[in-house]
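The lines below spell out each chain.
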Amino acid sequence: MKTTSNQKNSLKHVLFGSLIGTTIEFFDFYIYANAAVLVFPQLFFPSSNPTMATLESLATFSIAFLSRPLGSAFFGHYGDKIGRKFTLVAALLTMGISTVTIGFLPSYESIGFAAPLLLMLCRFGQGVGLGGEWGGAVLLAIENAPPNKRAWYGMFPQLGAPIGLLLSGGTFLLLTDSMSNQDFMDYGWRIPFIASSLLVVVGFYIRTKITETPSFENSKKEKEEVEVPFLTIVKSYKNQLIFGTLAAITTFLVFYLMTVFTLSWATSDLGIVKRDGLLIQLFSVLFFALFIPVSAVVADKIGRRKMLIAATATIGIFGFFFSYFLTEGNITLVTIFACIGMSLMGFTYGPLGTFLSELFPTNVRYSGASLTFNLAGILGAAFAPLIAIWLASTYSVSYVGLYLVTAALISLISFLVISKDEHKF
């Protein structure tokens, strides 16, 4: 008698398999974010104007968000056609190879304009890999979950974001504390990029031990496969794709305002030293990690949509207080600001993967959830640090808060008008 997938996949393998992959992917993604603020402006974008160098560096940061939907479409296609397992392994390797390569890139001083071009190519690869990774990891969890615990299972891959951020920020902090600034700029910054190869090997091993989800196997048995999942989504699920994307933009925006923008603004304009900026960020991430499971429990009780509407409305209110916390170099106020923002991020991020996945049926779920999530990344995060720094420098920090308020209003409206159709798992 044939053994089904949920008999083969133990709870431990499902949850750890979804968590380890997103942890690795987000670790890779965030070490770039830290380096884009602390290292790349000096090594890859030399300029007489430090602000311009930072803006150029952050522009390369946005490349990964532009390439993520390509990864969603490509890996989502094969994830819906041939299975979640193979696609997850391929996405992990794409991300891992791109990240490790960054650790070996020569600087602008060595090869001139080829250096930032190679950096941008690697960043593009990171985006493609993460675009395929996130959706598959969420589906691995929720397609093995009982109906009354989907948000709880779905929050495990979401926990990869704060864990990856803690690992990346902690690694940079350890390196800057243990070596001189000259050594760090010469070779120290390369260590986390190259060391990520060890994490990729672990993730690869675990992912190869996991079998297909019951939902995917049932869909194959019932011959529900579509020829081109992307075209089916555009044709039959436009409401879910458009409003799901808009609903998720606030989640992306608040995160990158709390991390990249806050770290850059605090260290360059508020006079807070880089080490303290990293410590504030790492401390605030603990609140992010804490409120992800809290939000999942609440979402399973009251519903994912209600939970996300409440979190988004609170984020909009939070946007009005930016000028109070970020107009002077008061390290206590900046820390409180980061902790509040990251707590709200946990509330909105925890149930988001489950909510987006429930918008689509099994035969296009990988493509649909991934595209929706990563298109929201373009609108909510690709240029968020650039826009925020420009608003703060040109006008004031309060305008950055209004930027967040505007996004929250768009997301709230989208949650209200999005299709409420339920799809089987």
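Residues numbered from 1 in each chain as written. Predicted model: local features only at pLDDT ≥ 70, side-chain atom pairs only at ≥ 80, totals over all residues. Heavy atoms only, no water.

1. What to know about the overall build of the chain
Counting its regular elements, the chain contains 22 helices and zero strands. Its C-alpha atoms give the chain a radius of gyration of 21 Å, within 12% of the compact-globule value 22 Å for 425 residues. Judged by the C-alpha coordinates and their principal axes, the chain covers about 65 × 45 × 35 Å. By the burial criterion, 60% of the 425 residues in the chain qualify as buried. Put simply, of all contacts in the chain between residues at least 6 apart along the chain, 86% involve residues at least 24 apart. Accessible surface computed for the chain: about 16,300 Å², of which carbon and sulfur atoms make up 68%. Each charge sign in the chain was given a centre, from 27 positive and 23 negative side chains, and these centres are 11 Å apart. (Helix = DSSP H or I, 4+ residues; strand = E, 2+ residues; numbered from the N terminus. Rg over C-alpha atoms; globule rule 2.2 N^0.38 Å. Buried < 20%, exposed > 50% of the residue type's maximum accessible area, 1.4 Å probe, protein only. Contact = heavy atoms within 4.5 Å. Areas by Shrake-Rupley, 256 points an atom, 1.4 Å probe, with all protein chains shown as cover. Lys, Arg positive; Asp, Glu negative; His and termini not counted. Charge placed at Lys NZ, Arg CZ, Asp CG, Glu CD.)

2. Some words on the packing of helix α2 (residues 11-38) against helix α9 (residues 160-178)
Running from N to C, α2 and α9 point in directions that differ by 45 degrees, and their axes come no closer than 7 Å. On the basis of the axis angle, α2 is oblique to α9. Both α2 and α9 take part in a crossing whose hand is right-handed. Contacts between α2 and α9 involve Leu-19, Thr-22, Thr-23, Phe-26, Phe-27, Tyr-30, Ile-31, Asn-34, Ala-35 and Leu-38 from the first element and Gly-160, Ala-161, Ile-163, Gly-164, Leu-165, Leu-167, Ser-168, Gly-169, Thr-171 and Phe-172 from the second. Each residue belonging to the contact of α2 with α9 can be placed in one class, and the counts come to 12 nonpolar, eight polar and no charged. (Axes fitted to C-alpha atoms, helices over the stretch in contact; angles between N-to-C directions. Parallel < 35°, antiparallel > 145°, perpendicular 65-115°, else oblique. Left-handed = near helix turned anticlockwise from the far one by under 90°. Nonpolar A, V, L, I, M, F, W, Y, C, P; charged D, E, K, R; others polar.)

3. Some remarks on the packing of helix α15 (residues 274-302) against helix α16 (residues 304-318)
Where α15 contacts α16, the two axes come as close as 6 Å, and the packing angle between them is 130 degrees. The angle between α15 and α16 falls in the class oblique. Residues Ser-295, Val-298, Ala-299, Asp-300 and Ile-302 of α15 form the contact with α16, whose participating residues are Arg-304, Lys-306 and Met-307. Considering only residue class, the contact of α15 with α16 consists of four nonpolar, one polar and three charged.

4. Quick notes on the side chain of Thr-354
Within the secondary structure, Thr-354 is located in helix α19 (residues 352-357). Among the residues examined, Thr-354 registers a relative accessible area of 0% and is labelled buried.

5. Notes on the environment of Leu-416
With respect to the helices and strands, the residue Leu-416 is situated in helix α22 (residues 397-417). Taking the C-alpha atoms as reference, Leu-416 lies 44 Å from Phe-44; in sequence the two are 372 residues apart.

6. Considerations on a nonpolar patch on the surface
A cluster of nonpolar side chains, namely Ile-317, Phe-320, Phe-321, Tyr-324, Trp-390, Tyr-395, Tyr-399 and Leu-402, defines an oily patch on the protein surface of about 930 Å² accessible area. When you line up the elements, Leu-402 lands in helix α22. On the basis of relative accessible area, Leu-402 is assigned to the partly exposed category, the value being 40%. (Patch = residues over 30% accessible without salt bridge, like charges linked within 9 Å, V, L, I, M, F, W, Y side chains within 5 Å. Salt bridge = Lys/Arg side-chain N within 4 Å of Asp/Glu carboxyl O.)

7. Some details on the nonpolar core
Within the largest apolar cluster, 126 residues are counted, with the highest numbers of intra-cluster contacts made by Val-39, Phe-40, Tyr-256, Phe-322 and Leu-326. Take this core: its biggest share by element is 16 residues, from helix α14 (residues 238-268). Ignoring any residue separated from it by four or fewer positions in sequence, one finds Leu-326 in contact with Phe-261, Trp-265, Leu-270, Val-334, Phe-337 and Val-397. In this structure, Ile-20, Leu-92, Val-200 and Ile-206 belong to the second largest nonpolar core, which totals five residues. (Core = buried A, V, L, I, M, F, W, Y, C linked by side-chain atoms within 4.5 Å.)

8. Considerations on the packing of aromatic side chains
Inspection of every chain in the model, using the stated rule, returns 30 aromatic pairs. A centroid spacing of 3.7 Å and a plane angle of 5 degrees characterise the contact between Trp-134 and Phe-373, whose relative ring orientation is stacked. On the criterion of sequence distance, the pair formed by Trp-134 in helix α7 (residues 114-142) and Phe-373 in helix α20 (residues 362-382) is long-range, its members being 239 residues apart. By relative accessible area, Trp-134 is classed as buried at 0%. By relative accessible area, Phe-373 is classed as buried at 2%. An aromatic cluster is present here, built from Tyr-30, Phe-65, Phe-255, Tyr-256, Phe-288 and Tyr-349 joined pairwise through their rings. (Phe/Tyr/Trp six-rings, centres within 6.5 Å; stacked < 30°, edge-to-face > 60°.)

9. Some words on the pattern of salt bridges
If you walk through the whole model with that rule in mind, you get seven salt bridges. Of the charged contacts, one joins Glu-143 and Arg-365 as a salt bridge, the two residues approaching to 2.9 Å between their closest N and O atoms. In this pair, Glu-143 sits in the loop between α7 and α8 (150-158) while Arg-365 sits in helix α20, placing the two residues 222 residues apart along the sequence. Residue Glu-143 is classed as buried on the basis of its relative accessible area, which comes to 4%. Classification of Arg-365 by relative accessible area gives buried; the value is 0%. Among the ionic contacts, a cluster of salt bridges with common partners joins Asp-80, Arg-84, Glu-143 and Arg-365.

10. What to know about the confidence of the model for the chain
Taken residue by residue, the chain gives an average pLDDT of 87. The fraction at 70 or more is 96%. Across residues 1-7, where pLDDT falls below 50, the model places eight contacts with residues more than four positions away in sequence or in other chains. (pLDDT = per-residue confidence, 0-100.)

11. Here's the deal with helix α11 (residues 190-208)
Between its first and last C-alpha atoms α11 spans 28 Å; for 19 residues at 1.5 Å apiece the expected length is 27 Å, and the two agree. Of all the residues in α11, the buried ones are Arg-190, Pro-192, Phe-193, Ser-196, Val-200, Gly-203, Ile-206 and Arg-207. (Expected span 1.5 Å × (residues − 1).)

12. Quick word on the environment of Phe-283
The topology assignment puts Phe-283 in helix α15. Sequence spacing of Phe-283 and Leu-166 is 117 residues, and the spatial spacing of their C-alpha atoms is 8.8 Å. Once you skip the residues sitting within four places of it in the chain, Phe-283 turns out to touch Thr-335 and Cys-339.

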